[in-house]
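Below, each chain spelled out in residue letters.
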Amino acid sequence: MLSREDIKRAIVDGKVKIYPFESKNMTGIGYNLSTTNFAFSIGRGVLLPIRKDTTSSGVSHYVFIPPCDTVLFFSREYVSVDGTLAGSFYSKVSRVCQGLGHISTTLDPTWKGQLILSVNNPTDRRIRFDLDKDSGNVATMLLHDLDTPVSGPDIHDNNRGRCDLLLGHFTDPPRRGKNRRKHLELRDFVVHEYADSLNGYDDFLTADAPRDRYSKKVDELRELRERLNEDVRSIREEKYSLGQGGHYFALRSDSERQLINGCALYGLYDGERLEKLAAIESESGGASVCESQTAEAVELYLDIIDYELEMINHIRRINWQNERVHEYADEKSTLSKEQERARFWSNVGSMGGYLAAAIMLAAALIYAIACAQPENLMALLVPVLVAAFVPLTIAAIGRWGDLTSRQPTRKGGK
Ligand SMILES: Nc1ccn([C@H]2C[C@H](O)[C@@H](COP(=O)(O)OP(=O)(O)OP(=O)(O)O)O2)c(=O)n1
């Protein structure tokens, strides 16, 4: 089993990737995983409403896991391991003691993706499940070194993000009931957008990605990466001219040094790697370090930059997922407000129709009893037909309004 130090080393060696990586989530023997806000109730076939607590220390989100239900979550973390490692997931004791259960599952070597995490509530009362815990809210991932690394095909046949398992819950929609419409809307979102995101087919580092708190960092990292890539190529091809000072400096300003120092992978670098970097950054070292060592050290910087950019891409992905999920899961989501409005007008239409029909029918009966002669059947038939036609028309309009309000609303997106 890998200890905390082993996991850090495995990340630095490129055997494991955890995005976003946060030191506070390391335990002595593993990494605490958290969920995104996607909480799919298997029993109800819909997302659980996300509730909010606003206190002086900020806003916290949670869901209530219904009694005797199982809820599927996805991890915030993107995890990737190579063929030398496998993993297992264990429940957090704080969850188990609330009465919730997470049945332990396994991580295959060479897995890449967000994880699906099922949490069940076997009790007969609802249980609060906090979505934003400081250091993991659902399970701890343990990693194990394999005696013999696996290679070749068929190590596992699973999708990234296991959306195959999620999609299996949308094959048989509820036939009626208040959850049917929500289930169908959610299915549309999962099939057309969410599954692609879980599979990592979305890219949030494109030039047209909306500006956010990471944009400046992304621009700077890309610029530095471009220059360092060029440097490595020249150094390896022995085309690099050291210039007048006779020194090669990979990082040329304090802001570049700060940029690298603030990257997650740099924080995990061990003494050996830091020494290699120091060797090419010192006044005395630069010229004396041989070319291949210089190129190797610059590649260490490139690893740091790549890790950071991939991590930002994933952070943006989970932010996007959470934003979209809120449209389907908020107690007062955009969708549910629209539905309420549509339902209100549809009810007004139906009530009006029935009222009009009742008045027409009553009028027709009074007229028939009081005035109509048996030989004049048409005079009796006309008001009765009108009375029957009106509610049918109104009901049809109401039904049409109801159907059109079922069309899912697409908003935002990547
Ligand atoms: N909580 C977990 C645990 C594992 N996995 C992913 C990573 C694993 O590599 C893969 C393991 O899947 P299994 O083989 O256990 O799953 P299946 O039941 O689908 O088996 P199979 O693929 O053999 O049908 O699923 C996941 O997304 N979430």
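Per an unreviewed UniProt entry, the protein is named Deoxycytidine triphosphate deaminase, and its organism is Gordonibacter massiliensis.

Engineer: Even after reading the chapter, I still don't get the packing of helix H5 (residues 215-236) against helix H6 (residues 254-261), so can you show me in this structure?
Structural biologist: A pair of packed helices is characterised by two quantities: the angle between their axes and the separation of those axes. The geometry of H5 relative to H6 is characterised by a closest axis approach of 11 Å and an angle of 105° between their N-to-C directions. It follows from the interaxial angle that H5 and H6 lie roughly perpendicular. Contacts from Lys-217, Glu-220, Leu-221, Leu-224 and Arg-227 in H5 reach Glu-256, Leu-259 and Ile-260 in H6. Across the contact of H5 with H6, the residue classes tally to four nonpolar, no polar and four charged.

Engineer: Just checking my understanding: could you explain the sheet that holds strand S5 (residues 51-55) for this structure?
Structural biologist: With respect to topology, three strands assemble into an open sheet ordered S5-S6-S11, the strand pairing being antiparallel. Strands at the two margins of the open sheet, each flanked by one partner only, are S5 and strand S11 (127-130). With direction set aside, neighbouring strand axes in the sheet form an average angle of 35°. Pairing between strand S6 (residues 58-65) and S11: four bridges, direction antiparallel. Each bridged residue has a counterpart across the sheet, and for Tyr-62 the counterpart in S11 is Asp-130.

Engineer: Teacher, can you tell me more about the UniProt feature "coiled-coil region" (unreviewed entry) in the protein here?
Structural biologist: With numbering matched to this structure, UniProt assigns "coiled-coil region" (unreviewed entry) to residues 211-238. Helix makes up 79% of residues 211-238 and strand makes up 0%, while its end C-alpha atoms are separated by 39 Å.

Engineer: In this structure, what is going on with helix H1 (residues 4-12)? I would like to understand it.
Structural biologist: Turn by turn, an α-helix covers 3.6 residues, leaving residues three or four places apart pointing in a common direction. Buried within H1 we find Ile-7, Ala-10, Ile-11 and Val-12. Its buried side turned inward, H1 meets strand S1 (16-19), strand S8 (85-91), strand S12 (139-145), helix H7 (264-268), helix H8 (271-281) and helix H9 (291-329). The first or second residue beyond H1 is Gly-14, which carries a positive phi of 80°.

Engineer: Explain a nonpolar patch on the surface here, please?
Structural biologist: Among the surface-exposed residues, Leu-361, Leu-365 and Ile-369 lie close enough to one another that they form a single nonpolar patch of about 330 Å² accessible area. Relative to the assigned elements, Leu-361 resides in helix H10 (residues 334-370). The exposure class assigned to Leu-361 is partly exposed, which follows from its relative accessible area of 42%.

Thresholds, definitions, all that
- Residues numbered from 1 in each chain as written.
- Predicted model: local features only at pLDDT ≥ 70, side-chain atom pairs only at ≥ 80, totals over all residues.
- Heavy atoms only, no water.
- Axes fitted to C-alpha atoms, helices over the stretch in contact; angles between N-to-C directions.
- Helix = DSSP H or I, 4+ residues; strand = E, 2+ residues; numbered from the N terminus.
- Parallel < 35°, antiparallel > 145°, perpendicular 65-115°, else oblique.
- Contact = heavy atoms within 4.5 Å.
- Nonpolar A, V, L, I, M, F, W, Y, C, P; charged D, E, K, R; others polar.
- Pairing = 2+ DSSP bridges.
- UniProt positions renumbered as here; feature names shortened; annotations may be inferred.
- Buried < 20%, exposed > 50% of the residue type's maximum accessible area, 1.4 Å probe, protein only.
- Patch = residues over 30% accessible without salt bridge, like charges linked within 9 Å, V, L, I, M, F, W, Y side chains within 5 Å.
- Areas by Shrake-Rupley, 256 points an atom, 1.4 Å probe, with all protein chains shown as cover.
- Salt bridge = Lys/Arg side-chain N within 4 Å of Asp/Glu carboxyl O.

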